[in-house]
Amino acid sequence: MLADSLEHLVRGIVDHPDDVQIRSKSLRRGDLLEVRVNPSDLGRVIGRSGRTARALRTVVGALATDGPVRVDVVDVDRR
C-alpha cells in the first residue's frame, strides 16, 4: 500500500511517469522504499533544497502503520 501511494504521488510530479519505479525492501530497522525515476526528472523529485523529497517522506511516514519507513531517491546514473 505504501509503495502504491508513493508511486502515485511521484507519477504526479514527474514528466515521464512511465519511468517511475518503486522497490520495497524489508530491513531490520523497518521498510525501505527506493524511488527510481528518469534522470531528467530527478531534480523534480528531490526539489529545491530537498523540500519535495522531504514532503514525500513525511506523507509516507504518516501513512505507515507497521513501523518506520525510509524513502530513498536513487540516482540511476550512478551504479
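Scroll up to find the structure.
Conventions used here
- Residues numbered from 1 in each chain as written.
- Predicted model: local features only at pLDDT ≥ 70, side-chain atom pairs only at ≥ 80, totals over all residues.
- Heavy atoms only, no water.
- Helix = DSSP H or I, 4+ residues; strand = E, 2+ residues; numbered from the N terminus.
- Expected span 1.5 Å × (residues − 1).
- Buried < 20%, exposed > 50% of the residue type's maximum accessible area, 1.4 Å probe, protein only.
- Arc of directions from axis to C-beta.
- 1 Å grid on protein atoms, 1.4 Å probe; cavity = no way out; pocket = protein on both sides within 12 Å on 5 of 7 lines; lining within 4 Å.
- Points joined across faces, edges and corners; volume = space filled by probe spheres on them.
- Nonpolar A, V, L, I, M, F, W, Y, C, P; charged D, E, K, R; others polar.
- Salt bridge = Lys/Arg side-chain N within 4 Å of Asp/Glu carboxyl O.

**Student:** Can you break down helix α1 (residues 2-13) residue by residue, with the values?
**Tutor:** Relative to the 16 Å expected for 12 residues at 1.5 Å per residue, α1 spans 17 Å between its end C-alpha atoms, a close match to the ideal helical length. Within the span of α1, buried status applies to L2, L6 and V10. In a view along the axis of α1, the buried residues occupy a sector of 55°, so they form one face of it. Along α1, the residues that are exposed and aim more than 90 degrees away from the buried face are D4, H8 and G12.

**Student:** Report on the layout of surface pockets, specifying residues and quantitative values.
**Tutor:** The space that makes up the largest pocket amounts to roughly 180 Å³. Taken together, 14 residues form the lining of the largest pocket, with L2, D31, A64, D66 and V69 sitting closest to its centre. Of all the secondary structure elements, the ones that give two or more residues to the lining of the largest pocket are α1 and β2 (30-36). By residue class, the composition of the lining of the largest pocket is eight nonpolar, four polar and two charged.

**Student:** So, the pattern of salt bridges: which residues are in play, and what are the values?
**Tutor:** When their charged atoms lie close together, side chains carrying opposite charge are able to pair. Applying the stated criterion across every chain yields a total of six salt bridges. Notably, a salt bridge pairs E7 with R11, separated by 2.9 Å at the nearest N-O pair. Taken together, the positions of E7 and R11, both in helix α1 and four residues apart, correspond to about one turn of that helix. Taking the relative accessible area as the measure of exposure, R11 reaches 31% and is therefore partly exposed. For R70, the salt bridge is made with D72, and the minimal N-O distance between the two is 2.7 Å. Through salt bridges with shared partners, one network takes in E7, R11 and D18.

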